[in-house]
Amino acid sequence: MNFSMNYIATFFKKFQQTALMGLLLGVFGLASCTDTNQVVFSNQKPVVEAFLAPGKPVSLKLTTVTSYAASGDDADSVARLITGQTIKIHVSNGKVFTLKEVSEGMYESAATELVTFGLTYTLDFEYKGLPVSAITSIPTRPTGFALSRNVIYRTQIDLSSGTTGGFRPPSGEDRSPIEATWNNPASDYHFVAFINTETNPTPITILPAETTQSPFARRFNNEPTTASSSSIMPQTFQYFGKHYAVLYRLNADYAALYKSTGTTTQNISTPPTAITNGLGVFTGVNADTLIVNVYQL
Amino acid sequence: MKQLLLVLLLLGTFAGWAQGPAEAELVIKDEFYNNKPLLFVLTDLKKKYNVKVDYDEELVKKYRVSYWFDNTKFLEGLKGVLRDTKELTFYITEANTVKIVPKNSPELPKEARKEFDTRYRGVPTRADFTLVGRIVEKGTSENMPFASVAVLGTKIGAQTNVDGYFTLLKVPSDTVTLLVSYVGYKNATVFLSPKTPLDNFIIEIEPGEQELEEVMVMGEKTEVLKANEIVGMIKMTPKNLAKLPNIGERDPFRAFQLMPGVSASNESSSGLYVRGGTPDQTLVLYDGFTVYHVDHLFGFFSAFNYNALKDIQLYKGGFDAKFGGRISAVAEITGKEGNKNKINAGADLSLLSANAYIETPLSKKMTLLVAGRRSYKGPLYEKIFNTFTSERQTTVAQTGFGRPPGGPGGRFGNNALQNQTAQSYFYDLNAKLTWNLSKKDILTWSLYNGTDKMDNSSASSFNFGRGGDLGASTSSNDISAWGNLGSSFKWSRRWNDKLYSNMLVSYSNFYSNRDNTRTVVSTIPATDTSVAITRKQNIGQVETNDLKDFTAKIDFEYKLTPHNQLEFGIHSTANTIDYQYIQNDTVNVLSKSDRGLITAFYLQDQMRLFNTKLLLKPGLRINHFNVTNKLYFEPRLSATYALTDKIKLKMATGRYFQFAKQINREDLTQGNRSYWLLANGGTLPITQSDHLIVGGSYEYKQYLVDVEFYQKNNTGITEYTLRFVPQIRQGLSVQETFFNGNEVVRGVDVLVQRKFGDFNGWIGYTLSEALRNVSAFSDLPYHSDQDVRHQFKFIGAYRWKNIDFSLTQIFSTGRPYTSIVGAYQVKLLDGSVRSFTMPSDKNATRFSSYNRLDISATYNARWGSIGLSVFNLYNRKNVWYKRFEVITENGESVLQTTNVNYLGFTPNVTFSWKLR
C-alpha cells in the first residue's frame, strides 16, 4: 500500500512535469501562425450586365469593379470596360452563340442568334483564369395588361420666377391614379415602367434657371411586385407627350437587385447575383407595352 | 497542532480555557433607556442581569445614551448603546470579559474580538456521527447555497446544496470546530458542543463590510469574486456588485465580463461570450429554469436584477454532467428567498431606472420576495438609446420605402403632417415564494418576467386640394419587442442524512417581435360616376420568434461515504420554437415551426482520493433527442489535485451537445435578427463540442494566481447569412441561409488576484484564438466574430472609511470584421443605375483595439448608499461597427467609411435606500 502511494506520488510529480511541458507547448502552439483569410486588395471578378429578351440577340456589357483599397492595388478607382473577351452562350437546344465585341466592353450575338422563350441560356467565359458562368430562363410574355385610362391632363407649373418651397397643385387637374392590371396567377415578379418617347419633350414643371436639381428623368417605374396590379399617380409624370407603359415580367434574381444592400460591417451582404465568379446580372425578361398620353390642360 | 494553532490565530485569542460566559447566551427582553447617563445604564444592566462589564467610570460618566433592548442579545445591545456615544467601543478580553474603551485607545488590540469565546472545553460525548445542518444569512435567516463547511483539523468538508443544506459524515467528535466560508461573507467559526443538535443545526453567517461604524479590523475580509475552487468556475455574490463601477444598473453579467475568459469588449451584449463561445452557447439557469435571452436595452444590461439574486456561479467549461444542452458555459443563478424574520424593503434610483424590492415573512414558514425595476426616460436612458438608434433612424430615412428610384423624390405633398410617437422602455419583475413545509421539505415558486419595447413608429399624411379630400396617409411601424417569462416550481426533500432530492417543473418563454412596416392608405374620392376607393398596402418586414420550454427535472444527491457522493437525475425538456419572417404582407421569407423533446439521464460520482488530495468527478450524461431519434453520449471528467496547501492542479474534459441554437446577427438597418431554432440533424446540425482544460492555481497569503489552458473542438456550428440568396420570392429554404462548419478555440486565461485587504482586486489576461471553417464563406479558416486575441483587465477596489473606490481598465484586441473592398454599378431595365458594394473575405480585417477605463466611488451608510460612477472615463472611441457609403463624383467613386462607436464618457449616480 505504502509502495503504491509512493508510486502514485512519483507519478504525479512526473505528471506535473509533463503537464508543465504541455502547457508551455500549448503557448507556443498558440503563438504559431495559422493560415487564415487575408485582406483582398483588388477583386478579380467581372461585372456582367445582360438582359435577355425574346426575339432579340443577346447583348452583354462587361465592366470592372471600382476598388476602394487605399494602396498597393492594381485596380482603378473607376470602373473600366473589359475588352477582348471570348464569350459563349450555351442554349438548351444545343446551339452555342459566340458573342462578338461590337464596341468597347459591349458584346452581342449575331443578328440571327435570337433569344427564344422557353429555352435556358448559359453564360460561359473565362476571366483572369477563373470560369465565369450563369444560367437563366426566359419568362413567358405577360398577359392581360391593361391601364384604367391612357390619357392624362396636367397643368404646367412654372417655377422659373424662383419660387421655392411648396406649391399648390392647380385646380381642375387629374388626380386619380392610373390602375395598371395584369394576369398573374403564379405570382411572378412584374413591374411597370413609363418611358417618354418624344424626341424633345416639354417638362410639366419648369424649374428655376439657377436650379441645382438635375432635369427630371424621362422614365420611372415602381419596384418589382408579385401582385397583379399597380397604381400610378398622374403627378409622377414629369413630361408631356407620348409614353410607353412597359410591363416587364422578371426572374427573381432581377427583383433581388432591388433589395437594399447592407452598408455597415454588421450586415454586409454579398451582392445579389446568380453569376459564379462574377457580379452583376444575367437574366431573361419579357414585356408587353401600352401607350399613355399626357396632355397639357 | 498546526491546525490548532490556526484556530487560535483565527480567533486571535489565547488562554482562558473556560467555557463561554453566561452573557454569551443572554437575551434582554425589554429594557428602555431614554437619554440616560451611560454609567446608569451599565450599572442597571449589571444589577438586573448580572453581566460583567469592565470600564473606567471617569470615561463613561460624560455620555448620555438612548437605547431600547427589545429581545436583543446582550452584546448586540451593548454595541447599540455605545454607538450613541460615537467615541466608545468594546472588545472581549483574553479572559472572556467585556471591556469598554475609547475607539482610539492604545489598549485596543489590533485583532480585537467582538464575540465571546464559546468553545466547549469539556470531554466529547459523541464521536463519529453525522451532522446535518443549514447555513443561513444572519438577520434574514435566508438559506445560503453552495457555501463550504469544513471540520478544522480534518479532511472532512462539504458544500451546501441549492437550499443551503449540508451533511457532514463521520465527524470525529462533538468538540470540533467548523469553518464556514462563502464568497462575500465573513468566515464563520463555529464550536460544536455536546448540546449541538446533530439534525438541522443552523449556522449563521454575516455579510462582509457591513459594520460601517466600527473601526475594528476583522481578520477575515471578503472577496467580490471567487475563482480557483473548481476548474473553470467563478463564484459571485450579488451583494458585492455595488463595489464595482456600473452604468445605471449593477449587473452580475457585466461583472462576469471582467473575469479572464469572458469577453468584455461587446458593449452591445450583456450575454456571456465565454472562451470563444457565443451567448447562446451559455446555459443560463435562473432558479432552475432556462433563460433564453438575457439582454435589456440593446444588450447594455442583463435581464437580471441584482436585488433579487442571492448567488451566481459561472462554469467557463468542463462543467458537470448535471448540466446539458449547451456547449460553452453555465451560469447558475439562485434567487433570493427574502428575509425570514422581518419585513424589509429597499429601492435604488439611478439616471437610468428605478428599482425596488420588498421581502417579508408571510408566516413562520413562508417568505416572499418581490423585486421590480423599470427604466425611465432619464438622461442616461436617452444617451444609450440615442447611441444605439441614431444610426438606424438615419438609415431608415435614407432607404425610404416606395420612393421611385432614379425618379424625383416623393415629396409631392403640401400639407404634410408627421407624428412621431417613439416610446421605449424595459421592465422586469422577480418574485419568489418559499415555503418550508417541514424540516425535510421546502417548496419554492419563482417567477421572472421581463420585457423590452422600442417603438419608433411614426404616422404622416398628405392632403391635396382645397377640401383635403384626396391623398394618402402612411403610418410606419418600427417596433421591437422582446422578453422572457419564466417560472419554476420546486420541491426539495431531504429523505435522510444521505439522500437529498430536488424535483422541478418549469416553463420558460422567450419572444422577439420586430415590426418594420409601412401602411399606405390612399383615398380616391367619389365622383359622379364612381364611389370612393380606399386602398391599403403594407410594405416592409415582420419578424416573430416565439420559444417555449417546458421542463421537468429530478435530481438526487446521495452521500455514500464522507468522501464519495453520487449525483444522478433525469431531465426532460419539450421545446416549441416558431420563427416567421414576412415581407410585404404576402411573402413568407422564412417560416419554421420546430418541435422537439430532449430527455437526458446523468450520473456523476464525486470522490476524494489520496487523503482527499485528489477530487475526481467522472460522469456521464445520455441525451435522447426525438427529432433525430438518436442517443447522444456525453462523457465528462474533472479532477483537482492539491499538490501542496498552496498549489492545486486541475483538469477537465468532456463532450457537450447543443440542440437549440440561437441565430444571432446584429443588424440595425433591418432590425433585430436574433432568434432561436431547433437543430434537425441535417441542414441545421446538432452542435458538438469537446473540451479539454488543464490548469493550476497558487495561493500565497492574500494572493491567488490561477492559470487555465483550454481547447475546444466544435463541430456543427451554424452561421446565418442572407449573403448568397438570389431567390427571395419563393421564400428561403434553410439550406440557403444556414451554413455549417467546424471551429477550434484555443487559449489561456491568467488571473492574479489580491483577495483581501483594503486594497484588493485582480488582473486578468486572456490569450485566445477562435478559428472557424465554413466552406461556404471561404476556403481558408477565418477568425470568428467573437474571437479575442489579447484581452487584459485590471480591477482594483480600495476602501477608505465608508467609501468604496473602484477602477476597471480593459484592453482588448479589436474584433474581426468583413470590410468592403470595392463597388460596381448595374443599369436596370428602366434605365436607372444601382450601386452595389463588394465585401472582402470573411472577417479578414480587425477593428482598432478596444480599451476603456471606468471608475466609481460609493458612500455607504446605514440607510443605503450613494454611488457615483463614470463609464469610459477618458472617452475612448471604441468601434462598434463601420458604415460604408459610396460617394460618386465625376464618375469616380470613393468609399467613405464611418466608425460607429460605442458609448463615450458616461457618468451616473445611483441612490440606494434600504429599510434595514
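Residues numbered from 1 in each chain as written. Chains lettered and ligands numbered in written order. Predicted model: local features only at pLDDT ≥ 70, side-chain atom pairs only at ≥ 80, totals over all residues. Heavy atoms only, no water.

1. With respect to the overall build of chain A
Part 1: Counting its secondary structure elements, chain A contains two helices and 18 strands.
Part 2: Every one of the 297 residues in chain A was classed for burial, and the buried ones make up 42%.
Part 3: Of the contacts formed within chain A by residues at least 6 apart in sequence, a portion of 73% connects residues at least 24 apart.
Part 4: Of the accessible surface of chain A, which amounts to about 14,800 Å², a share of 55% is contributed by carbon and sulfur atoms. (Helix = DSSP H or I, 4+ residues; strand = E, 2+ residues; numbered from the N terminus. Buried < 20%, exposed > 50% of the residue type's maximum accessible area, 1.4 Å probe, protein only. Contact = heavy atoms within 4.5 Å. Areas by Shrake-Rupley, 256 points an atom, 1.4 Å probe, with all protein chains shown as cover.)

2. Quick word on the environment of Ile358(B)
All names here are of chain B.
Part 1: Along the polypeptide, isoleucine 358 turns up in strand β22 (residues 353-361).
Part 2: Among the residues examined, isoleucine 358 registers a relative accessible area of 39% and is labelled partly exposed.
Part 3: The sequence separation of isoleucine 358 and asparagine 307 amounts to 51 residues, and the corresponding C-alpha distance is 9.6 Å.
Part 4: In this structure, isoleucine 358 is in contact with Ile343, Asn344, Ala345, Leu368, Leu369 and Val370, ignoring residues within four places of it in sequence.

3. Comments concerning the confidence of the model for chain B
Residue and element names in this part refer to chain B.
Part 1: For chain B, the average pLDDT comes to 79, and 81% of its residues sit at 70 or higher.
Part 2: Confidence drops under a pLDDT of 50 for residues 1-18, and excluding neighbours within four residues, the segment shows 23 contacts in the predicted structure.
Part 3: Throughout residues 391-418 the model reports pLDDT below 50, and contacts reaching past four residues in sequence, or to other chains, amount to 45 contacts. (pLDDT = per-residue confidence, 0-100.)

4. Some thoughts on the pattern of salt bridges
Residue and element names in this part refer to chain B.
Part 1: The final tally for this structure, using the stated rule, is 34 salt bridges over all chains.
Part 2: Salt-bridge contacts for aspartate 174 lead to arginine 126; the nearest nitrogen and oxygen are separated by 3.1 Å. On the criterion of sequence distance, the pair formed by aspartate 174 in the loop between β9 (165-173) and β10 (177-181) and arginine 126 in the loop between β5 (98-102) and β6 (127-137) is long-range, its members being 48 residues apart.
Part 3: According to the relative accessible area criterion, aspartate 174 is buried, its value standing at 1%.
Part 4: By relative accessible area, arginine 126 is classed as partly exposed at 24%.
Part 5: For arginine 772, the salt bridge goes to glutamate 719, with nearest N and O atoms at 3.1 Å. Separated by 53 residues along the polypeptide, arginine 772 in strand β41 (residues 759-773) and glutamate 719 in strand β39 (residues 703-720) bring together distant segments of the chain.
Part 6: Given a relative accessible area of 6%, arginine 772 falls into the buried group.
Part 7: One network of salt bridges, with partners in common, ties together Arg275, Lys316, Lys650, Asp706, Glu708 and Asp749. (Salt bridge = Lys/Arg side-chain N within 4 Å of Asp/Glu carboxyl O.)

5. Remarks on the sheet that holds strand β11 (residues 188-191) of chain B
Residue and element names in this part refer to chain B.
Part 1: Spatial strand order, β8-β7-β10-β11: four strands in an open sheet with antiparallel pairing. Sheet topology places β8 (157-159) and β11 at the edges, where each strand pairs with a single neighbour. In this sheet, adjacent strand axes meet at a mean angle of 20° when their direction is disregarded. (Pairing = 2+ DSSP bridges. Axes fitted to C-alpha atoms, helices over the stretch in contact; angles between N-to-C directions.)

6. Points about a nonpolar patch on the surface
Residue and element names in this part refer to chain B.
Part 1: Taken together, the side chains of Tyr698, Tyr700, Tyr703, Val705, Val752, Ile763, Phe792, Phe811 and Tyr874 make up a nonpolar region of the molecular surface, amounting to roughly 750 Å² of accessible area.
Part 2: Of all elements in the fold, only β38 (687-700) and β39 reach the threshold of two or more residues within the nonpolar patch.
Part 3: Inspection of the secondary structure assignment puts phenylalanine 792 in strand β43 (residues 790-800). (Patch = residues over 30% accessible without salt bridge, like charges linked within 9 Å, V, L, I, M, F, W, Y side chains within 5 Å.)

7. Considerations on helix α2 (residues 38-49) of chain B
All names here are of chain B.
Part 1: Between its terminal C-alpha atoms α2 stretches 16 Å, which fits the 16 Å expected from 12 residues at 1.5 Å a residue.
Part 2: Where α2 is buried, its residues touch β1 (27-37), α3 (57-61), β3 (64-73), α4 (74-83), β4 (88-92) and β5.
Part 3: Positive backbone phi, approximately 60°, marks asparagine 50, located one or two places after α2. (Expected span 1.5 Å × (residues − 1).)

8. A short note on the sheet that holds strand β3 (residues 66-67) of chain A
Part 1: Strand order in the open sheet formed by three strands is β3(A)-β46(B)-β47(B), and the pairing between neighbours is antiparallel. Two strands lie at the open edges of the sheet, namely β3 of chain A together with β47 (833-839) of chain B, each paired on one side alone.
Part 2: Looking at chain direction, β3(A) and strand β46 (residues 820-827) of chain B are connected through two bridges and run antiparallel. Residue pairing across strands places Thr66(A) opposite Ala823(B), the latter belonging to β46(B).

9. Side note on the packing of aromatic side chains
Part 1: The final tally for this structure, using the stated rule, is 30 aromatic pairs over all chains.
Part 2: With a centroid separation of 5.7 Å and 75° between ring planes, the pair formed by Phe51(A) and Tyr254(A) is classed as edge-to-face. Of this pair, Phe51(A) sits in strand β1 (residues 47-52) while Tyr254(A) sits in helix α2 (residues 252-255), placing them 203 residues apart in sequence.
Part 3: Assessed through its relative accessible area of 0%, Tyr254(A) is described here as buried.
Part 4: The interplanar angle of 55° and the centroid separation of 4.5 Å between the aromatic rings of Phe319(B) and Tyr656(B) together place this pair among those described as tilted. Placement of the pair is Phe319(B) in the loop between β19 (309-315) and β20 (329-335) and Tyr656(B) in strand β35 (residues 647-658), with a sequence separation of 337 residues. The pair formed by Phe319(B) and Tyr656(B) is uniform in burial state, with each residue classed as buried.
Part 5: The residue whose ring lies beneath Lys336(B) is Tyr357(B), and the NZ or CZ to ring-centre distance is 5.2 Å. (Phe/Tyr/Trp six-rings, centres within 6.5 Å; stacked < 30°, edge-to-face > 60°. Lys NZ or Arg CZ within 6 Å of the ring centre and 35° of its normal.)

10. Some remarks on the nonpolar core
Residues and elements named next belong to chain B.
Part 1: Phe253, Leu272, Tyr286, Phe304 and Ile333 are the most contacted members of the largest nonpolar core, which has 42 residues in total.
Part 2: Breaking this core down by element, the ones donating at least two residues are β14 (233-236), α5 (252-256), β15 (282-286), β19, β20, β23 (366-375) and β51 (879-889).
Part 3: Looking at which domains feed residues into this core, each of domain 3 (225-338) and domain 4 (368-404 + 413-551 + 563-914) supplies at least three.
Part 4: The contact partners of phenylalanine 304, leaving out residues within four places of it in the chain, are Pro252, Phe253, Val284, Tyr286, Val291, Val294, Leu309, Ile333 and Arg373. (Core = buried A, V, L, I, M, F, W, Y, C linked by side-chain atoms within 4.5 Å. Domains from an automatic or database assignment.)

11. A word on the pairing of strand β2 (residues 59-63) of chain A
Residues and elements named next belong to chain A.
Part 1: In this structure, β1 lies alongside β2, joined through three bridges in antiparallel fashion. Bridge pairing in β2 places glutamate 49 opposite lysine 61.
Part 2: Following β1, the chain reverses through six residues before pairing antiparallel with β2; glycine 55 in that reversal takes a positive phi of roughly 85°.
Part 3: Note: β2 against strand β6 (residues 106-108), three bridges, orientation antiparallel. Of the residues in β6, the one forming a bridge with leucine 60 is tyrosine 107.

12. Topic: the side chain of Asn184(A)
Residue and element names in this part refer to chain A.
Part 1: Counting through the fold element by element, asparagine 184 comes out in the loop between β12 (178-181) and β13 (189-196).
Part 2: Its relative accessible area of 12% is what places asparagine 184 among the buried residues.
Part 3: One polar contact links the side chain of asparagine 184 to the main-chain amide nitrogen of serine 187, over a distance of 3.2 Å.
Part 4: Apart from residues no more than four positions distant in its own chain, asparagine 184 is found in contact with His190, Thr226, Ala227 and Ser228. (Polar contact = N/O pair within 3.5 Å; in protein donor to acceptor, adjacent residues only side chain to side chain.)

13. Quick look at the environment of Leu82(B)
Residue and element names in this part refer to chain B.
Part 1: Within the fold, leucine 82 resides in helix α4.
Part 2: The exposure class assigned to leucine 82 is buried, which follows from its relative accessible area of 3%.
Part 3: Between the C-alpha atom of leucine 82 and that of leucine 38, which follows or precedes it by 44 residues, the distance is 8.6 Å.
Part 4: Those residues in contact with leucine 82 that lie beyond four places of it in its chain are Leu38, Leu88, Thr89, Phe90 and Ile100.

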